[in-house]
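Reading the structure
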Amino acid sequence: MKRRRMATVVIFDVGKTLIKCTHKDIIKFLYRKNKVSLYFLIKIFMQFLLHRINFINDKDVNKMTRKAFRIVLRGWDVYETEKILEECFEEVIKPKIIPESIALIQEHTKREHTVILISALIGGVIEKLKEYLGLEYAIYPNLEVQNGKYTGEILGCIPYGEDKANIIKQIAEENHFNLEESWAYADRFSDIPLLKITKHPCVVNPDRKLRKFAQRKGWRVYDFK
């Protein structure tokens, strides 16, 4: 019996790798739409700053992310939220898509590679990005819904740090993806576990720690800023 060929998978991080924005930009949009308070906006920005200067470690990021989703989304109507996130995609995400990263994705799709977007950003904008790029797969936090409203709780793992790699390994096993010939593109030092499980780790617009690590390892570095 002829063995089925396993699909070559390409994992593409989103924030700062595919788009020039992060959670902060989405939260700023929600603030302009009067969906979050000024107090919450300032608090989140302070936490991002503390994380950037390594005062908050990566383990605390998961707790911070869960708390932020809980505060922001609890009680939001799913349908109304999707409409707001459609606006967010058009106004915030779409103008900040990195053309060179799009070119990389197009190159892989021409080679019949399976491209997977992965992000801890809210799923509504990632789904829109996936559809805009004509892709099949996207991974993002799984939000709990009850009676047509978000509870604010995240079900399962958040695709961040070591969990990002574990999620990909599970999906690869379930879908017969070939990690032995895979590619990954990411921008943060916390993405090293993901990059390490692929044959072709590539870094895009890397932070200082990841750049140094990638240079030591001889990984390909792209600067698309």
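The notes below deal with the structure included here. Predicted model, so just to flag it, every value in this text is computed and none were measured.

Focus: the overall build of the protein chain
Secondary structure summary: the protein chain contains nine helices and eight strands in total. Each of the 225 residues in the protein chain was classed as buried or not, and the buried ones make up 49%. For the protein chain, the exposed surface amounts to about 12400 Å²; the carbon and sulfur share of it is 50%.

Examining the pairing of strand β6 (residues 177–186)
Of all 10 residues that make up β6, eight are buried, and the element is covered over most of its length. One ladder, built from four bridges, connects β6 with strand β7 (residues 200–204); its direction is parallel. Each bridged residue has a counterpart across the sheet, and for alanine 186 the counterpart in β7 is valine 203.

Notes on the pattern of salt bridges
Summed over all chains, the structure comprises 11 salt bridges. Taking the shortest distance from any N to any O, the salt bridge between arginine 211 and aspartate 223 comes out at 2.6 Å. Remark: aspartate 223 occurs in the segment after β8 (220–222) and arginine 211 occurs in helix α9 (residues 208–217); sequence separation between them is 12 residues. Relative accessible area serves as the criterion here: at 46%, aspartate 223 is assigned to the partly exposed category. When salt bridges with common partners are traced through the structure, they connect Asp13, Lys164 and Asp191 into a single cluster.

What about α9?
Those residues of α9 not exposed but buried are Leu210, Phe213 and Ala214. On an axial view of α9, the arc spanned by its buried residues comes to 100°, and they lie on one face. The outward face of α9, more than 90 degrees from its buried face, is lined by the exposed residues Arg208, Gln215 and Arg216. Elements in contact with the buried residues of α9: β6, α8 (192–196), β7 and β8.

Here we look at the state of the cysteines
All told, the structure shown has zero disulfides when counted by the stated rule. Here cysteine 88 stays free of any disulfide, with the sulfur of cysteine 21 as its closest cysteine sulfur at 7.7 Å.

Some details on a nonpolar patch on the surface
Residues Tyr31, Leu38 and Ile42 make up a contiguous nonpolar surface patch of roughly 270 Å² in combined accessible area. Residue classification places isoleucine 42 among the partly exposed residues on the basis of a relative accessible area of 49%.

Some details on the sheet that holds strand β2 (residues 114–118)
Pairing in this open sheet of six strands is parallel, and the strands run β3-β2-β1-β6-β7-β8 from one edge to the other. Two strands bound the open sheet, and with one partner strand each, they are β3 (137–139) and β8. Neighbouring strand axes in the sheet, compared pairwise and without regard to direction, differ in orientation by 20° on average. Most of the contacts of helix α7 (residues 162–175) go to β6, to which it runs at about 145°, and overall it touches β1 (7–13), β2, β3 and β6.

Parameters at a glance
Residues numbered from 1 in each chain as written. Predicted model: local features only at pLDDT ≥ 70, side-chain atom pairs only at ≥ 80, totals over all residues. Heavy atoms only, no water. Helix = DSSP H or I, 4+ residues; strand = E, 2+ residues; numbered from the N terminus. Buried < 20%, exposed > 50% of the residue type's maximum accessible area, 1.4 Å probe, protein only. Areas by Shrake-Rupley, 256 points an atom, 1.4 Å probe, with all protein chains shown as cover. Pairing = 2+ DSSP bridges. Salt bridge = Lys/Arg side-chain N within 4 Å of Asp/Glu carboxyl O. Arc of directions from axis to C-beta. Contact = heavy atoms within 4.5 Å. Disulfide = S-S within 2.5 Å. Patch = residues over 30% accessible without salt bridge, like charges linked within 9 Å, V, L, I, M, F, W, Y side chains within 5 Å. Axes fitted to C-alpha atoms, helices over the stretch in contact; angles between N-to-C directions.

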